[in-house]
Structures are given as C-alpha cells and as structure tokens.
Amino acid sequence: MGAGGWGWWRAARALRAASSGGGWWRAAAPGPRAAGAASRRLCAGGAPSLSYQELKDLKKASVLHIDVRERWEIDRYGKIPASVNIPLGELVEALQMDPMEFKEQYNQKMPAKSDPVVFSCLAGTRSKQALSFAMSLGFSRVQQYAGGFEDWVKHEPPEKK
C-alpha cells in the first residue's frame, strides 16, 4: 500500500490523540477505560459487546448499525460501511420519530423495538450511552460494538462519504 493509503489510519490516530486528554464525551460519562479492561467487554445490562468479526457477521444479516459519532467525525474520518449516522444528541428523538420521518431523515427504515440494532462510536463511550438510551425506550435486541471506529480501522479502511 502506498504512503497515501494510510491517511485514514493517521487520521484515526490523530483523532484518538486529540481526545486522549479528555473531551466532552469523557467528561459527560466516564468511559469503559475508566472502569478497567473487564468493563470494556461488557456493555449496559451486562451483555457482552461485539467484536470486529461478530459485527462483520451481523452486517451480513439484517441488522441496523447506528454510528453515534458527530457528523464532522464522519465527514473527516469516514465511517464503518453500511452504518447510519445518528449523533448521540439526536438519538432519543430519532428512536421515537414517526417511521416515515425517520426514513426521510436517515434514509433507513425505522427499527422496531424487537429489531436487532448495533451502536458504535469512536471507542465505546458514546455507544454505551446509546445502548442505555435504546434499552430505556424499550428496544430489546440492542448491542454495542465497544471497539468502535478505532477498532474497525485496525482491520480495514473506513468508507468515505
């Protein structure tokens, strides 16, 4: 791979470095790193989080994958293929929208409360919050990809807009 082919990796590392000293999401809710390695394997409700390979396998089936990072993060660094971006700040409202409005806004079918949904973010903090929000709204088949975008780019390049 040429020198320019690793730009996405450098971008992801730069974003990670920029947020390592803290950030609004870390200040708002202590992330999985704060509680240690054991919590990284768990998400809200004690359900195990998904690995890269488990997410890849689920994406072959009909699962809605919601990336809760901010739009600027998607624009600048890319996204996990076949994920839909709904920033964390919009998620509760989005999951309560009229299905037609949801389809129009996110170009995706509104998930039923019994549909499988996976949340991801940069490294697990915001997706854990999203999981809790969805569960509080009655979504029963929700999971988290705690490794997030940071883990995905270790395995394959992101999709650019």
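Let us look at the structure shown here. (Residues numbered from 1 in each chain as written. Predicted model: local features only at pLDDT ≥ 70, side-chain atom pairs only at ≥ 80, totals over all residues. Heavy atoms only, no water.)

Quick look at the overall build of the chain
Here is step 1 of the chain: From N to C terminus, the chain includes 10 helices and 4 strands.
Here is step 2 of the chain: What you see in the chain, going N to C, is helices and strands ordered as α-α-α-α-α-β-α-β-α-α-β-α-β-α.
Here is step 3 of the chain: Buried positions account for 45% of the 161 residues belonging to the chain.
Here is step 4 of the chain: When the accessible area of the chain is evaluated, it comes to approximately 8300 Å², of which 54% is carbon and sulfur surface. (Helix = DSSP H or I, 4+ residues; strand = E, 2+ residues; numbered from the N terminus. Buried < 20%, exposed > 50% of the residue type's maximum accessible area, 1.4 Å probe, protein only. Areas by Shrake-Rupley, 256 points an atom, 1.4 Å probe, with all protein chains shown as cover.)

Some remarks on the sheet that holds strand β4 (residues 142-144)
Here is step 1 of the chain: In space, the 4 strands of this open sheet follow the order β2-β1-β3-β4, with parallel pairing throughout. Each end of this open sheet is capped by a strand with a single partner; those strands are β2 (84-85) and β4.
Here is step 2 of the chain: Examined bridge by bridge, strand β1 (residues 64-67) and strand β3 (residues 117-120) share 4 bridges and lie parallel to one another. Note on β3: the bridge partner recorded for Ile-66 is Phe-119.
Here is step 3 of the chain: On top of the sheet, helix α9 (residues 125-136) reaches β3 and β4; it is set at about 170 degrees to β4, its chief contact. (Pairing = 2+ DSSP bridges. Contact = heavy atoms within 4.5 Å. Axes fitted to C-alpha atoms, helices over the stretch in contact; angles between N-to-C directions.)

Digging into unusual backbone geometry
Here is step 1 of the chain: Despite not being glycine, Ala-82 shows a phi value in the positive range, around 65 degrees.
Here is step 2 of the chain: Within the element layout of this structure, Ala-82 appears in the loop between α6 (71-77) and β2.
Here is step 3 of the chain: Even without being glycine, Asn-107 reaches a positive phi, approximately 55 degrees.
Here is step 4 of the chain: One can find Asn-107 in the loop between α8 (99-106) and β3.
Here is step 5 of the chain: Look at Asn-107 and you get exposed, because its relative accessible area is 61%.

Some remarks on the pairing of β1
Here is step 1 of the chain: Alternating residues of β1 divide into Leu-64 and Ile-66 and His-65 and Asp-67, and every residue in both groups is buried.
Here is step 2 of the chain: In the sheet, β1 pairs with β2 via 2 bridges, with the strands oriented parallel. Among the inter-strand pairings, Ile-66 is bridged to a residue of β2, identified as Val-84.
Here is step 3 of the chain: Read from β1 through α6 to β2, the crossover connection turns out right-handed. (Right-handed = clockwise from strand over helix to strand, strands pointing away.)

Brief notes about the side chain of Asp-151
Here is step 1 of the chain: Examined against the element boundaries, Asp-151 turns out to sit in helix α10 (residues 148-155).
Here is step 2 of the chain: Ignoring anything within four residues of it in the chain, the contact list for Asp-151 reads Tyr-52 and Tyr-145.

A few points about a negative patch on the surface
Here is step 1 of the chain: A grouping of Glu-93, Asp-98, Glu-101 and Glu-104 is seen on the molecular surface, where their side chains present a negatively charged patch.
Here is step 2 of the chain: In this fold, Glu-93 is placed in helix α7 (residues 88-94).
Here is step 3 of the chain: Taking relative accessible area as the criterion, Glu-93 reaches 58% and is therefore assigned exposed. (Patch = residues over 30% accessible without salt bridge, like charges linked within 9 Å, V, L, I, M, F, W, Y side chains within 5 Å. Salt bridge = Lys/Arg side-chain N within 4 Å of Asp/Glu carboxyl O. Lys, Arg positive; Asp, Glu negative; His and termini not counted. Charge placed at Lys NZ, Arg CZ, Asp CG, Glu CD.)

Digging into the packing of aromatic side chains
Here is step 1 of the chain: Using the criterion set out here, one finds 4 aromatic pairs in the structure.
Here is step 2 of the chain: Between Trp-72 and Tyr-77 the ring centres are 6.5 Å apart and the planes differ by 65 degrees, which places this aromatic pair in the edge-to-face class.
Here is step 3 of the chain: Accessibility expressed as a relative area gives 43% for Trp-72, which makes it partly exposed.
Here is step 4 of the chain: Of the aromatic side chains, those joined through ring pairs into one cluster are Tyr-52, Tyr-145 and Trp-152.
Here is step 5 of the chain: The residue whose ring lies beneath Arg-69 is Phe-149, and the NZ or CZ to ring-centre distance is 4.1 Å. (Phe/Tyr/Trp six-rings, centres within 6.5 Å; stacked < 30°, edge-to-face > 60°. Lys NZ or Arg CZ within 6 Å of the ring centre and 35° of its normal.)

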